[in-house]
Structure formats: structure tokens, C-alpha cells
Amino acid sequence: MVREWDPRTASSAEIASLLDTLNAVLAADLPQDPPWRESSMREYLAEVMPGERRISWVAQAEPATDGSPGAILGHVHVLLLGDIGVLEVLVHPSARRTGLGRDLVLTAARRVYQEGFQSIGVEVVGDTPAVAFYESLGFSKEYVETRSVLDLSGVDWAELAEMATGISAGYHLQFHPGGPPDELIEAYARAKAEVRDVEDGELRPSSYDPERLRDSLDCLHRRGMKPYIVLALHEQTGEVAGLTEVVVPVQHPTRADQYDTIVVQDHRGYGIDRAIKARMLMELRSAEAELTEVQTWNAQANEAMLKVNAELGYRPDREWCEYSIDVAELVHRLDAGR
Ligand SMILES: CC(C)(COP(=O)(O)OP(=O)(O)OC[C@H]1O[C@@H](n2cnc3c(N)ncnc32)[C@H](O)[C@@H]1OP(=O)(O)O)[C@@H](O)C(=O)NCCC(=O)NCCS
């Protein structure tokens, strides 16, 4: 049975059951990824940016003979932003290939259509059943990135310390746990607006204006995801010449996520990319005791960024793809197949 579900009011048992399903999915599809923890799981599922909405549904097994509620075997949510609905679907490995995934997508797609949105996008991890699943539903591949993972136990810290200081004169680095200080927000947003040479996929939108940036940092904090930032400041102008962002989610604090790394066009060629990333790793090593790995996503065409990441010790892990489909076409196709 699929029903709409609100993580803000869900019972703790439901949140725990959904977490069990997520961890069973990870164990089956991405066994090298760390399991998630319960900390701030409700907030992770419930909190959104101003102006965005996330609508969720669950598929729950029948109650047990003693009357206790059945496990949550499937989950779908869609994040409505701009003119697109971004979908995430999970089906417990024990409940797969029974049509549940298709039902969950149809439920969400109908709502996205009713709400007047044009298309649905989804992130699909390479070498997992999701590839065949979304292709069978008619989704097409729009964009491919490579996820890479850095194992901190293999890092040569002395070499890294050298990289962190190998920056041309006229720049200095700053480390800001929690986000950029308010007096730098505008310069920070300018740097992000000028260069969109991001490490992110299009489904993880960046924030280019100061207000949006504040909202986005605030939203990360509410979801239990702690941002860390290293900036390269251009001393002559006070401008942000480069920045790198890493987020440590309380749900999986052993593996951090590298978000945007940007070097503003005029400031390229001065060793900023390498230095800010190296400094970030050194800071994280002391700030986050549990951290053992950092993961990052790069466009395959972004050779300069891939080269720096390889020098730092990142190893390519798997493809991470964005698929999309026209909503009306999806609903029609799924309804026709019933
Ligand atoms: C992708 C996923 C949602 C599919 O759920 P499901 O309930 O098994 O899907 P369905 O039973 O509705 O399958 C529909 C169709 O998709 C295709 N499909 C699904 N899984 C497939 C597989 N493993 N191999 C080949 N085709 C597959 C088939 O065409 C299937 O139809 P069929 O069974 O009649 O042949 C599920 O595997 C899942 O939760 N994966 C994890 C997704 C995710 O986001 N992970 C993130 C962390 S890895």
C-alpha cells in the first residue's frame, strides 16, 4: 500500500524503518558506502529551502500478527524546484521486482503533473539496478559525472601541507567551519555567480545570490549537514578568488561530500585549486574526528579538476548519471502499462 507520508509527523518507528530500508539498499547496491545513522534523519527528510517543496510517500508492509506496524519497504519523494520535480525512489532489496518501484514512480509522477511541472529528473548510480529500472520507464540520460572517493588513511599529510602553502603571493587562505562569515557572503556569492565551473550535478543547485546562499547554508544546518569552507582571498581587492565547500552530514560523518570548488577566471593559474583543497583536508582532519573518506563528483570533461583530485589521491568510484523525462509522457506510459 502506497500512501502519502510526512516525515515531520511520522512516528520514530517509521523513520527508523525507512532508515533500515535505506541501509539495506546501500548494502545491496553500494556496499562500500557507509551505512547511515538515525541522527537528524527526520530533519534530513523534512527540511527544504524556502520556495521548494518535498512530497513523500511510503509503501508499508501489512501489520504483523501481533498488530505491530509493518516495515516501510518502499519510499519515494519528489522535490519540486523551478520547473522540475527531482525524484528519489528506494525499494528494499527483499521487495524488488514486484512492480513496487514502478508504482511509487507513478504515484509521484501523477502529483508532479497535477502540480503543473514539466519534467522529472533523477540521479542514477552507475552499475546498480536503477539504471535498467529508469531506462525501462523511458527516462533518458542527460548528463554523466564520475564519483571519486578519497581514503584519508592513504593521504601523505606532509605533501598535502606543502600543496596547501603552494599558492602565489597576493592571496591568502581562510578556513570557515559552518559557512562563510556574513561580511564575506556577498563576495562569496559573486565568486559563485561568475564561475559555474562546479563539481556539482545540475540536480544539486548552487546558490548565486547572497540571500539564496544564506538560505542554502541555513537549510544545510537544519538537515544536519555541516558545511566547511576554505576561501582564497585576493589581498589587493578583497575579492574571493577561489572557494571550496565540503559538507559533513551527521547521518554519515565518516564520509564527507565535496560540494563546489570554484576558482574565478582572473585568478586561475596561481595554484589556488590545489591549495584550497589541500588546506580543507588538513582542517577536516582535525575538525572531524570520525572522518575517513571524502567523496566528490566531477564532469568527465573537467580535466583540470580531475587532475588535481588525482594528485590529492581521489580514486574514481563509479558513474553518477542524471536522467530525465517529460512528466506527461511518463504518466501516460505508466498508465498505459497498467
Ligand atoms: C531501482 C529500484 C527503485 C527498482 O525497484 P523495483 O521495485 O525492483 O522495480 P520494479 O519491480 O517496479 O521494476 C520495474 C521494471 O524495471 C526494470 N528493472 C528493475 N530492476 C531491474 C534489474 N535489477 N535488472 C533489470 N531490469 C530491472 C524491469 O524492466 C522491471 O520490470 P519487470 O520486473 O517486469 O521486468 C530499486 O532497485 C531500488 O530501490 N534501487 C535503489 C535506488 C537508489 O536510489 N539507490 C540510491 C543509493 S544506491
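Further up the page is the structure itself.
Keep in mind it's a predicted model, so treat the numbers as computed, not measured.

Undergrad: I tried to follow the pattern of salt bridges on my own but got confused; where do I start?
TA: For side chains of opposite charge, pairing can occur when their charged atoms come near one another. One pass over the structure, following the stated rule, counts 23 salt bridges. For the salt bridge of D182 with R214, the shortest nitrogen-to-oxygen distance reads 3.1 Å. Separated by 32 residues along the polypeptide, D182 in the loop between β7 (171-177) and α6 (185-194) and R214 in helix α7 (residues 210-222) bring together distant segments of the chain. Note that D273 is salt-bridged to K277, the shortest N-O span being 3.7 Å. On the criterion of helical spacing, the pair formed by D273 and K277 is a turn pair, its members being 4 residues apart in helix α8 (residues 272-287).

Undergrad: What should I look at first to understand the packing of helix α3 (residues 100-114) against helix α10 (residues 327-336) in this one?
TA: For any two helices packed against each other, one specifies the inter-axial angle together with the distance between the axes. Running from amino to carboxyl end, α3 crosses α10 at an angle of 135°, the nearest separation of the two axes being 9 Å. As judged from the angle between their axes, α3 and α10 are oblique. As α3 packs across α10, the resulting crossing turns out to be left-handed. Along its contact with α3, which presents R102, V105, L106, A109, R110, V112 and Y113, the element α10 presents V327, A328, L330, V331, L334 and D335. Class assignment for the residues of the contact of α3 with α10 results in 10 nonpolar, no polar and 3 charged.

Undergrad: Sorry if this is basic, but what is going on with the packing of aromatic side chains here?
TA: For any pair of aromatic rings, the description rests on two quantities: the centre-to-centre distance and the angle between the ring planes. All told, the structure shown has 6 aromatic pairs when counted by the stated rule. Measuring from centroid to centroid gives 4.8 Å for F133 and Y134, while their planes differ by 75°, and the two rings are edge-to-face. Among the residues examined, Y134 registers a relative accessible area of 4% and is labelled buried. Where W297 meets W320, the ring centres are 5.6 Å apart and the plane angle is 70°; that geometry is what we call edge-to-face. Residue W297 is found in strand β11 (residues 293-299), and its partner W320 is found in strand β12 (residues 315-326); the two are separated by 23 residues along the sequence. The residues W297 and W320 share a single accessibility class, namely buried. The structure contains a cluster of three or more aromatic residues connected by ring pairs, namely F133, Y134 and F139. The ring centre of Y44 lies 4.3 Å from the NZ or CZ of R223, which sits over that ring.

Calculation notes
Residues numbered from 1 in each chain as written. Predicted model: local features only at pLDDT ≥ 70, side-chain atom pairs only at ≥ 80, totals over all residues. Heavy atoms only, no water. Salt bridge = Lys/Arg side-chain N within 4 Å of Asp/Glu carboxyl O. Helix = DSSP H or I, 4+ residues; strand = E, 2+ residues; numbered from the N terminus. Axes fitted to C-alpha atoms, helices over the stretch in contact; angles between N-to-C directions. Parallel < 35°, antiparallel > 145°, perpendicular 65-115°, else oblique. Left-handed = near helix turned anticlockwise from the far one by under 90°. Contact = heavy atoms within 4.5 Å. Nonpolar A, V, L, I, M, F, W, Y, C, P; charged D, E, K, R; others polar. Phe/Tyr/Trp six-rings, centres within 6.5 Å; stacked < 30°, edge-to-face > 60°. Buried < 20%, exposed > 50% of the residue type's maximum accessible area, 1.4 Å probe, protein only. Lys NZ or Arg CZ within 6 Å of the ring centre and 35° of its normal.

None of the figures reported here should be taken as evidence of function without further support.
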